[in-house]
Amino acid sequence: MSTDTAMVENKKASMPAMGMGEVVTGSEMLLRCLLLEGVEHVFGYPGGAVLPIYDSLYSSQLKHVLTRHEQGAIHAADGYARATGKPGVVIATSGPGATNLVTGIATAQMDSVPLVCITGNVAQSLIGTDAFQEANITGITLPITKHNYFVRNIEDLPRIIKEAFHIATTGRPGPVLIDIPKDVNTAKAPFYYPESVKLRTYNPTVKPNYMQVDKMLKAIAKAKKPVIVTGGGTVTAGAEQELIEFAEKTNIPVITTLMGLAGFPGTHELCIGMPGMHGCYAANQALLNTDLLINIGARFDDRITMGRTKEFAQNAKIVHIDIDPAEIGKNINPYIPIVGDAKTVLATAIPKVQRADSDEWVAQVKAWNQEQPYRYSKSPEGRLKPQRVVEMIYETTAGNAIVTTDVGQHQMWVAQYYKFSAVRSFLSSGGLGTMGFGFPAAIGAQFAYPDRLVISVSGDGGFQMNLQELAIAAAHNLPVKIVILNNNCLGMVRQWQELFYDNRYSHIDLTESVDFVKLAEAYGIKGLRASTEEQAENVWREALNTNGPVLVEFKVEPGENVFPMVAAGNTLDQMVLGDEE
Amino acid sequence: MEQKHTISVLVNDQPGVLTRVANLMGQRGFNIDSITVGQSEEKGLSRMIIVTSGDEATVEQIVKQFHKLIDVLKVQQLSSGPMVARELALIKVEATASTRAELNLIIDPFRASVVDVGPNSIVVQVTGDTQKIDALIELLTPYGIKELSRTGVTAISRSASLVKA
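Remember, it's a predicted structure, so these values are computed and weren't measured experimentally.

**Considering the nonpolar core**
(1) Moving on: Within the largest apolar cluster, 64 residues are counted, with the highest numbers of intra-cluster contacts made by Ile272, Leu293, Phe312, Tyr418, Trp540 and Phe554 of chain A.
(2) Moving on: Residues Ala73, Ile105, Ala473 and Ile484 of chain A belong to the second largest nonpolar core, which totals 45 residues.

**Concerning the packing of aromatic side chains**
All names here are of chain A.
(1) Moving on: In this structure the tally under the stated criterion is 14 aromatic pairs over all chains.
(2) Moving on: Their ring planes at 45° and their centres at 5.8 Å tell us that tyrosine 374 and tyrosine 417 sit as a pair that is tilted. Of the two residues, tyrosine 374 is situated in the loop between α15 (359–371) and α16 (386–397) and tyrosine 417 in helix α17 (residues 409–417); the sequence distance between them amounts to 43 residues.
(3) Moving on: Looking at tyrosine 417, the relative accessible area reads 7%, which means it is buried.

**Remarks on the side chain of threonine 404 of chain A**
(1) Moving on: Checked against the element boundaries, threonine 404 of chain A lands in strand β15 (residues 402–405).
(2) Moving on: In this structure, threonine 404 of chain A is in contact with Leu427, Gly438, Phe439, Ala441, Ala442, Ile455, Ser456 and Val457 of chain A, ignoring residues within four places of it in sequence.

**What to know about a nonpolar patch on the surface**
Residue and element names in this part refer to chain A.
(1) Moving on: Taken together, the side chains of Leu499, Phe500 and Tyr501 make up a nonpolar region of the molecular surface, amounting to roughly 300 Å² of accessible area.
(2) Moving on: With respect to the helices, strands and loops of the structure, phenylalanine 500 is situated in helix α21 (residues 491–500).
(3) Moving on: The class for phenylalanine 500 is partly exposed, based on a relative accessible area of 38%.

**Structural notes on helix α1 (residues 26–36) of chain A**
Residue and element names in this part refer to chain A.
(1) Moving on: A large share of α1 lies buried, amounting to 8 of its 11 residues.
(2) Moving on: Those residues of α1 lying buried are Gly26, Ser27, Met29, Leu30, Leu31, Arg32, Cys33 and Leu34.
(3) Moving on: Glycine 38 sits one or two positions beyond α1 and adopts a positive phi of about 85°.

**Some points on the pairing of strand β9 (residues 226–230) of chain A**
All names here are of chain A.
(1) Moving on: Counting buried residues in β9 gives 5 out of 5 residues, a clear majority hidden from the surface.
(2) Moving on: The side-chain alternation of β9 yields two buried faces, one formed by Pro226, Ile228 and Thr230 and the other by Val227 and Val229.
(3) Moving on: With 5 bridges connecting them, β9 and strand β12 (residues 292–296) associate as parallel partners. Looking at β12, one finds that valine 227 is bridged to leucine 293.
(4) Moving on: Here β9 runs beside strand β10 (residues 254–256); their pairing, made up of 3 bridges, is parallel. The residue of β10 that forms the bridge with valine 229 is isoleucine 255.

**Digging into the sheet that holds β9 of chain A**
All names here are of chain A.
(1) Moving on: Taken in spatial order, the 6 strands line up as β11-β10-β9-β12-β13-β14 in an open sheet, and their pairing is parallel. One side of each edge strand has no neighbouring strand; the edge strands of this open sheet are β11 (271–273) and β14 (336–339). Between one strand axis and the next, the sheet turns by 20° as a mean value, whatever way the strands run.
(2) Moving on: Packed on one face of the sheet, helix α11 (residues 240–250) meets β9, β10 and β12 and runs near 170° to β9.

**Topic: the sheet that holds strand β3 (residues 63–66) of chain A**
Residues and elements named next belong to chain A.
(1) Moving on: Strand order in the open sheet formed by 6 strands is β3-β2-β4-β5-β7-β6, and the pairing between neighbours is parallel. The open sheet has two edge strands, β3 and β6 (147–150), and neither has a second partner. Each neighbouring strand pair of the sheet contributes to a mean axis angle of 20°, computed without reference to strand direction.
(2) Moving on: As defined by bridge partners, strand β2 (residues 41–45) adjoins strand β4 (residues 88–92) across 3 bridges and the pair is classed as parallel. Of the residues in β4, the one forming a bridge with phenylalanine 43 is valine 90.

**Considerations on unusual backbone geometry**
Residues and elements named next belong to chain A.
(1) Moving on: The peptide bond linking phenylalanine 563 to proline 564 adopts the cis configuration, its omega dihedral lying at 0°.
(2) Moving on: Of note, proline 564 is situated in the loop between β20 (550–555) and β21 (565–566).
(3) Moving on: Despite not being glycine, glutamine 133 shows a phi value in the positive range, around 60°.
(4) Moving on: Mapped onto the elements of the fold, glutamine 133 is located in the loop between β5 (115–121) and α6 (137–140).

Criteria and thresholds
- Residues numbered from 1 in each chain as written.
- Chains lettered and ligands numbered in written order.
- Predicted model: local features only at pLDDT ≥ 70, side-chain atom pairs only at ≥ 80, totals over all residues.
- Heavy atoms only, no water.
- Core = buried A, V, L, I, M, F, W, Y, C linked by side-chain atoms within 4.5 Å.
- Buried < 20%, exposed > 50% of the residue type's maximum accessible area, 1.4 Å probe, protein only.
- Phe/Tyr/Trp six-rings, centres within 6.5 Å; stacked < 30°, edge-to-face > 60°.
- Helix = DSSP H or I, 4+ residues; strand = E, 2+ residues; numbered from the N terminus.
- Contact = heavy atoms within 4.5 Å.
- Patch = residues over 30% accessible without salt bridge, like charges linked within 9 Å, V, L, I, M, F, W, Y side chains within 5 Å.
- Areas by Shrake-Rupley, 256 points an atom, 1.4 Å probe, with all protein chains shown as cover.
- Salt bridge = Lys/Arg side-chain N within 4 Å of Asp/Glu carboxyl O.
- Pairing = 2+ DSSP bridges.
- Axes fitted to C-alpha atoms, helices over the stretch in contact; angles between N-to-C directions.

Below is the structure:
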């Protein structure tokens, strides 16, 4: 029985080069399909159930990156995908190999990252017997994949792979998992690759409804205090240029969510900054006062609305542009819903759109930003401030590096103090908030762009969640710059315990950790350390001038908090601006 | 306002599709009152009828989330228009020689029928809308219901509005 949405007759497909019709094994088919999909790099970890695939990889043109943990492999594939816009591919064996992908799959799903995850499973004769390394990975990943497949027949394999790439990369992208039992990998059949995908049940809406776009244009003409909120959808659609043109033509200031940070230049004069829990004063004031909010590819996450959706942007008519109809009305009911791809919607609107009557408003927003910029005070004892480290990284790279982060205080400081100007240059786990994401993601991005500057910024907590991937940086001499902002604790948890749990610092102390410099050296990587501003500048210069991987540990002020802050459950007008020392 | 909604979901007839739909309901915190699935008018497609409760916004979100599933072809909120909804129940009731005649008097107005007779019990088959079945169960309860099996609601739009692929 066919397992999935079979609509394509493989045998009717065209036969370009690469030996169509040739009898090959399932694993050979798989690798040929990957090459036909334009895949160059796969990240993975071998094991019993995928031995046939790894045997075929031995003589394949595909570049396989052996990570030291499946979670490292999937975050690397994710970083590769976020940096390039192309789907990331990961291979893992059955059972624990497959389950080790789960965090990475959920991370990609929450941030709409295209991934194709290939897992092995035990032979079908053993399925359901609790065989060694058997796990029902399609069942486990049902809620965290865009779609998944269990391949029962070798004849279905090429069609399924074709469909998987199509589903992962179109519409709202996401991870697709293909579980292949061992007997399918070793079976033989003639190879035919379908030319196109025919899925009757899957037709994402890309082009917007023109009447709705016209309604938006009329709303812009009437607005006095319009604002654009842009999210990950702009980046995914590759709509950065269109967004600049749209914002400039309409003279509407732009708020960039965490996921939308590299979707609009941080240095642009219409850029207000990030909104929400740790967003800037100006962005939150703009949300409180706007009369027209144009949301492009953002989903009104609770880090921005604070879950207080009824009080959110109360004075505004809301336009919501999203490729996923289910996002529209999920959290906020918009005045004008527009379903479509951000790039297409903006390209449709740009020729007709008029400049808004917004000069006063733009001046007001700028004034807010000047009144209350992101700021921190120097340590009286001359200790290194984490914000200073991020500023320094920004100053020395002019905002052009690819920066990855983990999750926590350092992530927020990067979002606040690094002004991203290059597209797809900020890679961070926004939705799931995955610690341990940043460093392997940087490895993936560096494989995609060997000549670009890739900087991984982590805290001492998150870095220890996937530090084993130092081996990859060393083995491939990847020039990734690994920054650890070490405050000897789980900083964001410490901050919440200080503010909301009466300074009861429960289990956040990481003082008894490893010597990061020696750890780097143990992996054959240069390790540097700084604990004052002057040292920081010196070691950072040295790191930038080093060919190959470098780990730089910045020992920063442990008690530093991220401000501004809106506490969870409060509204955006209840913003704490800073630590009044 | 919280109320019952009946949704028709046309899906690919594939293993695991029911799991996907049911899982989605659980994942998003939507309530399932009943779910039935069977063949549709077209080979290769099954129709699921889901009865859920919630306000209008919730049901709109459910419809949109179902649409996201790759195996879902069409979703329609049947209860927003004219529809026919039916459920089947089999009820095993304690019945002695003395109560049987009385039971028949209860069953007849419901156009239910006795489909099995045992020494101490009978099996009653009834079809109809949910309220009708609830009403019969209420009347039979004093006699002692030994077993009860309900199918959940299946439904179809009235001829004015076709739900087709």
